[in-house]
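Coordinate analysis (summary)
Spelled out, the chains give:
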Amino acid sequence: MIFKYERKMTKADIVAKISEKLGLEKGDVQATVEAFMEEVKNSLETGDNVYLRGFGSFIIKTRAEKTGRNISKNTTIKIPAHNIPAFKPAKVFVESVKTNTEIAV
């Protein structure tokens, strides 16, 4: 039986890998990665979806109004309709992950 441990990659790890791969200064890569993330966030805040061909889409999903429960007070509350950011991976991305990763046991 193969056990796969969950691995995590941070922004610093991404910056280090890109810096090493392209031979650029880490500070320049860090500024670029942060500018990219800020631009995606700003686009979603203004209502624009972001499409990256071959990677995926950062989209805005609308959640409908619903009734929830406050279990500590045993009352119902109305949760208003709201928008949330979401990521939808491209088909190429999904297939790559499916075929190139081990199944966690």
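The protein chain has the name HU family DNA-binding protein in an unreviewed UniProt entry, where Flavobacterium capsici is given as its organism. Looking at the Sequence similarities (unreviewed entry) heading of the UniProt record, one finds this comment for the protein chain: "Belongs to the bacterial histone-like protein family."

**Re the environment of I84**
Checked against the element boundaries, I84 lands in strand β5 (residues 82-89). Considering only alpha carbons, one finds I84 and E45, 39 residues apart in sequence, at a separation of 9.9 Å. In this structure I84 touches I59, I60, K61 and R63, once residues within four positions along its chain are discounted.

**Some details on the packing of aromatic side chains**
Here the structure, examined in full by the defined rule, presents 4 aromatic pairs. Ring plane angle 55° and centroid distance 5.4 Å describe the contact between F55 and F87, whose orientation is recorded as tilted. On the criterion of sequence distance, the pair formed by F55 in the loop between β1 (50-52) and β2 (56-63) and F87 in strand β5 is long-range, its members being 32 residues apart. Summarising the aromatic geometry, the rings of F58 and F87 are spaced 5.0 Å apart at their centres and angled 50° between planes, so their arrangement reads as tilted. On the criterion of sequence distance, the pair formed by F58 in strand β2 and F87 in strand β5 is long-range, its members being 29 residues apart.

**Concerning the pattern of salt bridges**
Per the counting criterion, the structure on display carries 4 salt bridges. In this structure, K78 engages E65 in a salt bridge whose closest nitrogen and oxygen atoms are separated by 3.9 Å. In this pair, K78 sits in strand β4 (residues 75-79) while E65 sits in the loop between β2 and β3 (66-70), placing the two residues 13 residues apart along the sequence.

**Let's talk about the sheet that holds β1**
In space, the 3 strands of this open sheet follow the order β1-β2-β5, with antiparallel pairing throughout. Looking along the sheet, the strands with just one partner apiece sit at the ends: β1 and β5. Geometrically, the sheet is characterised by an average inter-axis angle of 30° between neighbouring strands, direction not taken into account. Bridge count between β1 and β2: 3 bridges; the pairing is antiparallel. Note on β2: the bridge partner recorded for V50 is F58.

**Structural notes on the pairing of β4**
Where β3 and β4 come together, 5 bridges link them in antiparallel fashion. The partner of G68 across the bridge, within β4, is I77. What sits between the antiparallel neighbours β3 and β4 is a turn of 4 residues, in which N74 has the positive phi angle 55°.

**Considering the side chain of S43**
Along the chain, the position of S43 falls in helix α2 (residues 26-45). According to the relative accessible area criterion, S43 is buried, its value standing at 17%. In this structure S43 touches D48 and V50, once residues within four positions along its chain are discounted.

About the cut-offs
- Residues numbered from 1 in each chain as written.
- Predicted model: local features only at pLDDT ≥ 70, side-chain atom pairs only at ≥ 80, totals over all residues.
- Heavy atoms only, no water.
- UniProt positions renumbered as here; feature names shortened; annotations may be inferred.
- Helix = DSSP H or I, 4+ residues; strand = E, 2+ residues; numbered from the N terminus.
- Contact = heavy atoms within 4.5 Å.
- Phe/Tyr/Trp six-rings, centres within 6.5 Å; stacked < 30°, edge-to-face > 60°.
- Salt bridge = Lys/Arg side-chain N within 4 Å of Asp/Glu carboxyl O.
- Pairing = 2+ DSSP bridges.
- Axes fitted to C-alpha atoms, helices over the stretch in contact; angles between N-to-C directions.
- Buried < 20%, exposed > 50% of the residue type's maximum accessible area, 1.4 Å probe, protein only.

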